[in-house]
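Architecture and fold: a report
These are the residues of each chain, in order.
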Amino acid sequence: MWSNGLKRAVPVPQTSPSQPSYKFSDRGLEPGTSKPDTSRVSGPVRTLGLTVTSIDFSRQDPKMGSLQKTTFVLLMFCLAVLGSADYLKYKDPKQSVGVRVKDLLARMTLAEKIGQMTQIERENATAGVLSKYFIGSVLSGGGSVPSPQASAEAWVSMVNAMQKDALSTRLGIPMIYGIDAVHGHGNVYKSTIFPHNVGLGATRDPELVKRIGEATALEVRATGIPYVFAPCIAVCRDPRWGRCYESYSEDPKVVQSMTTIISGLQGDVPSGEGGRPYVGGSKKVVACAKHYVGDGGTFNGINEGNTIIDKNGLMKIHMPAYFNSIIRGVSTIMVSYNSWNGEKMHGNHFLITDFLKNKLKFRVSCSLQKQNIFFISASSVKNNIIPMSRIDDAVYRILRVKFTMGLFESPYADTSLAGELGKKEHRELAREAVRKSLVLLKNGKSAYTPLLPLPKKAGKILVAGSHADNLGNQCGGWTITWQGLTGNNNTAGTTILSAIKSTVDPSTQVVFSENPDSTTLSDKYDYAIVVVGEPPYAETFGDSLNLTIPAPGPSVIQSVCMSIKCVVVLISGRPLVVEPYIGAIDAFMAAWLPGTEGQGVADVLFGDYGFSGKLARTWFKSVDQLPMNVGDKHYDPLFPFGFGLTTEAKK
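A quick note: this is a predicted structure, and the numbers were derived from the prediction, not measured. (Residues numbered from 1 in each chain as written. Predicted model: local features only at pLDDT ≥ 70, side-chain atom pairs only at ≥ 80, totals over all residues. Heavy atoms only, no water.)

Focus: the overall build of the chain
Helix and strand counts for the chain stand at 21 helices and 18 strands. Within the chain, buried positions represent 56% of all 651 residues. (Helix = DSSP H or I, 4+ residues; strand = E, 2+ residues; numbered from the N terminus. Buried < 20%, exposed > 50% of the residue type's maximum accessible area, 1.4 Å probe, protein only.)

Right under this line is the structure:
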């Protein structure tokens, strides 16, 4: 009989001792034993299940010599050695995810487990580091790139080199590379930059947002990356918060509706599989709902501050979008820096363990907000300061994501999707999103004299303002770098000025001046378009207590609109103070942070498409009113939540 372990051919007494038959014993030269000798085999032993009831040489050709017998024995020995190879269940895709995770977890040392729980920045992932420390994940923070203006192929090459290092370890556990992709693949040169979430919330179009998720997934995969730190499902309750533009709305229902982006990024969860992590193949990515929980409700909008609200309010306002995200199979959730009633979220056992893991049955990975580094030492585990069960729970969840997404079967990226980066169809989608995100707040100094849509054919028009010809200002933060960059040389796209010039009739003279002087303003113009707003910023750098339009924006508005019939286009990540100027303005529209496709602004300004966007945020009169949200008792806005004038497209 054939069994497992290292075996040798040994004689077994038969009826004819001179014609011995052979079997493979489990213990060296001693026949008849049943306990395998695994002293020379590392790890669990595989059972081949091959049975030979009798190998009787008496039935062979009498001319069979010792050489043939020796050959036969050697053949059997080779098969036995092959049979002793360790059967790795975790590498068998036919096994269930649960079986594979448990098998791998049982094989891991403490150092390997700690490594899986560790995510390091790209710049620290130098040659040999991943294999030396068993690192489980690498990330690119804002602006962290292989090289300036790196191509998709360069990204793939970098990721694959890191993966090769990770796979060279004893167990060959692949690493997972993650990146922020909060409005398209923003870190990457020539990617499609979509409007930030504050604008997408104004579209009220969940299907559009899902398509944006699909396009983003393709562009991220084009660079060899399978994991994105998106979407942000914060409910921004105070526009003084520097991350308010990452929030779809102050209304939790609007934010809930926009979790369709998860299905776009990861794929639609199969019927009956809701609530389980899901990634639908090599053209999809692992998504990350963030930041759990209450990050948009901090006192005075202070980033990473304290959210002061009772449990009922937290569950009613800030939690609902997480319910939807889990139902859609989101694979990871990022825990926030903020506190809830004075207790830091990272240490909140009730919200993370009791509620998210146990009550909501969130099965996969809870990641710490990036740069919130802590250290786990082997001694702290061995001394039971950190129980091994806690380590195993965390590693189990991480491995589950990797198995679910197929990373063990397809750890390497390829360049076949390189053409998806900045693809024309994706730019057209972004242009559509821009059109639908624009909110018209004023159109004419009376309802009987609308200014918009503007005529394409005119004698001379003036375009003014710091944001009219500045792609970086259009895109905002999280574009090429963490804080974003001003100027037109950082990535590819269309500025609003360029879009205007390509839209108007060839006979129309377009004059541009960022800050026109009296001489420029003394000319005769049919109308003026003033484009002003905030500079790029991200996170704490965007916290603001005054929310005023940065200089020289207010003076440009006043000087131009006092002289010429004007429309003001505001580029910002939130409502700003405009009440002092609104009377002088003929038409006023919020364009938010539209991204690279400025043509979408011109499409609507000149009537190729109508205005349809609705405010997803309350537009205050004064910062003294803040925080002020729809449904509050003392609600007295300049423009209420849901407001937005409409126009018809010109035929």
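On we go.
Side note on the nonpolar core
In a soluble, globular protein the nonpolar side chains are often hidden away together inside. Grouped together as the largest cluster of nonpolar side chains are 80 residues, with contacts concentrated most on Leu 130, Trp 155, Tyr 177, Tyr 292, Ile 333 and Leu 351. Here this core gets 7 residues from one element, more than from any other, and that element is helix α7 (residues 206-222). The residues touching Tyr 292, leaving out its near neighbours within four places in the chain, are Met 319, Tyr 322, Ile 333, Met 334, Val 335, Ser 336, Met 345, Leu 351, Ile 352, Phe 355 and Leu 356. Counting 75 residues, the second largest nonpolar core, distinct from the first, contains Val 439, Ala 499, Phe 611 and Leu 638. (Core = buried A, V, L, I, M, F, W, Y, C linked by side-chain atoms within 4.5 Å. Contact = heavy atoms within 4.5 Å.)

Observations regarding the packing of helix α2 (residues 97-107) against helix α14 (residues 388-404)
Closest axis-to-axis distance for the α2/α14 pair is 9 Å, and the angle between their directions is 130°. One way to sum up the angle between α2 and α14 is to call them oblique. As α2 packs across α14, the resulting crossing turns out to be right-handed. From α2, Val 97, Gly 98, Arg 100, Val 101, Lys 102, Leu 104 and Leu 105 reach across to α14, where they touch Asp 392, Val 395, Tyr 396, Leu 399, Arg 400, Phe 403 and Thr 404. Class assignment of the residues belonging to the contact of α2 with α14 gives a composition of 8 nonpolar, 2 polar and 4 charged. (Axes fitted to C-alpha atoms, helices over the stretch in contact; angles between N-to-C directions. Parallel < 35°, antiparallel > 145°, perpendicular 65-115°, else oblique. Left-handed = near helix turned anticlockwise from the far one by under 90°. Nonpolar A, V, L, I, M, F, W, Y, C, P; charged D, E, K, R; others polar.)

Quick notes on the pairing of strand β16 (residues 527-533)
Of all 7 residues that make up β16, 7 are buried, and the element is covered over most of its length. Residues Tyr 527, Ile 529, Val 531 and Gly 533 point to one face of β16 and Ala 528, Val 530 and Val 532 to the other, with burial holding for every one of them. Two elements, strand β14 (residues 460-464) and β16, share 4 bridges in a ladder whose sense is parallel. Bridge pairing in β16 places Val 463 opposite Ile 529. Between the parallel pair β16 and strand β17 (residues 566-571), the chain is carried across by helix α19 (residues 553-563), and the sense of this crossover is right-handed. (Pairing = 2+ DSSP bridges. Right-handed = clockwise from strand over helix to strand, strands pointing away.)

Details of the state of the cysteines
Two cysteines form a disulfide when their sulfur atoms are joined by a covalent bond. For the structure on display, the rule yields 2 disulfides. Here Cys 561 engages in a disulfide with Cys 566; their sulfurs sit 2.0 Å apart. An S-S torsion of about 105° defines the bridge between Cys 561 and Cys 566 as right-handed. Exposure class is identical for Cys 561 and Cys 566. Each is buried. Counting its disulfide-bonded cysteines in sequence order, the chain shows a connectivity of 1-2, 3-4. Cys 232 forms no disulfide, and the closest cysteine sulfur to it belongs to Cys 236, at a distance of 9.3 Å. On the basis of relative accessible area, Cys 232 is assigned to the buried category, the value being 2%. (Disulfide = S-S within 2.5 Å.)

As for a nonpolar patch on the surface
A cluster of nonpolar side chains, namely Phe 299, Ile 302 and Ile 308, defines an oily patch on the protein surface of about 320 Å² accessible area. Along the polypeptide, Phe 299 turns up in the loop between β7 (288-292) and β8 (306-307). (Patch = residues over 30% accessible without salt bridge, like charges linked within 9 Å, V, L, I, M, F, W, Y side chains within 5 Å. Areas by Shrake-Rupley, 256 points an atom, 1.4 Å probe, with all protein chains shown as cover. Salt bridge = Lys/Arg side-chain N within 4 Å of Asp/Glu carboxyl O.)

Regarding unusual backbone geometry
Geometrically, the link from Ala 230 to Pro 231 is a cis peptide bond, its omega value of 10° lying close to zero. Counting through the fold element by element, Pro 231 comes out in the loop between β6 (227-228) and α8 (252-257). Cis peptide bonds are those with omega within 30 degrees of zero, and the linkage from Leu 626 to Pro 627 qualifies with -5°. The residue Pro 627 is located in the segment after α21 (599-605) in this model. One non-glycine residue, Lys 190, adopts positive backbone phi at about 70°. Along the chain, the position of Lys 190 falls in the loop between β5 (176-179) and α6 (197-203).

Regarding the pattern of salt bridges
Following the criterion strictly, the structure yields 28 salt bridges and no others. Between Asp 392 and Lys 113 there is a salt bridge, with its nearest N and O atoms 2.7 Å apart. Of this pair, Asp 392 sits in helix α14 while Lys 113 sits in helix α3 (residues 110-116); the two residues are 279 residues apart in sequence, bridging distant segments of the chain. The partner of Asp 393 in a salt bridge is Arg 390, with the nearest N and O atoms 3.8 Å apart. Taken together, the residues span about one helical turn, with Asp 393 and Arg 390 both in helix α14 at a distance of 3 residues. Residue classification places Asp 393 among the partly exposed residues on the basis of a relative accessible area of 27%. Beyond isolated ion pairs, a larger network of salt bridges with shared partners links Asp 205, Glu 207, Arg 211, Glu 432 and Lys 436.

Section: the side chain of Asn 160
In this fold, Asn 160 is placed in helix α5 (residues 152-167). Excluding its chain neighbours within four sequence positions, the residues that come into contact with Asn 160 are Tyr 412 and Ala 413.

Brief notes about the sheet that holds strand β10 (residues 339-340)
Ordered in space as β8-β10-β11, the 3 strands form an open sheet in which the pairing is mixed. Edge positions in the open sheet fall to β8 and β11 (343-344), since each of these has one partner strand only. In this sheet, β10 lies alongside β8 in parallel orientation, the contact comprising 2 bridges. If you follow Asn 306 over to β10, its bridge partner there is Ser 339.

Some words on the confidence of the model for the chain
Of all residues in the chain, 86% have pLDDT values of 70 or greater, and the mean over the chain is 89. Every residue in residues 1-60 scores below 50 in pLDDT, and together they form 95 contacts with partners more than four places removed in sequence or on other chains. (pLDDT = per-residue confidence, 0-100.)

Considering the sheet that holds β6
With parallel pairing, the 4 strands of this open sheet are ordered in space as β3-β4-β5-β6. In this open sheet, the two strands that pair with only one neighbour each are β3 (119-121) and β6. Taken together, the 3 bridges between β3 and strand β4 (residues 137-140) define a ladder with parallel strand orientation. When the bridges of β4 are listed, Gln 119 appears paired with Ser 137. Across the sheet, α5 is in contact with β4 and β5; its angle to β5 comes to roughly 140°.

Quick look at the layout of surface pockets
Taken as a whole, the second largest pocket holds about 350 Å³ of empty space. A total of 3 residues in the lining of the second largest pocket trace back to one element, the largest contributor, which is α5. (1 Å grid on protein atoms, 1.4 Å probe; cavity = no way out; pocket = protein on both sides within 12 Å on 5 of 7 lines; lining within 4 Å. Points joined across faces, edges and corners; volume = space filled by probe spheres on them.)

Thoughts on helix α12 (residues 349-359)
If you check which residues of α12 are buried, you get Leu 351, Ile 352, Phe 355, Leu 356 and Lys 357. Taken end-on, α12 shows its buried residues confined to a sector of 165°, consistent with a single buried face. Directly beyond the C-terminal end of α12, a positive phi value near 60° is found at Lys 361. (Arc of directions from axis to C-beta.)

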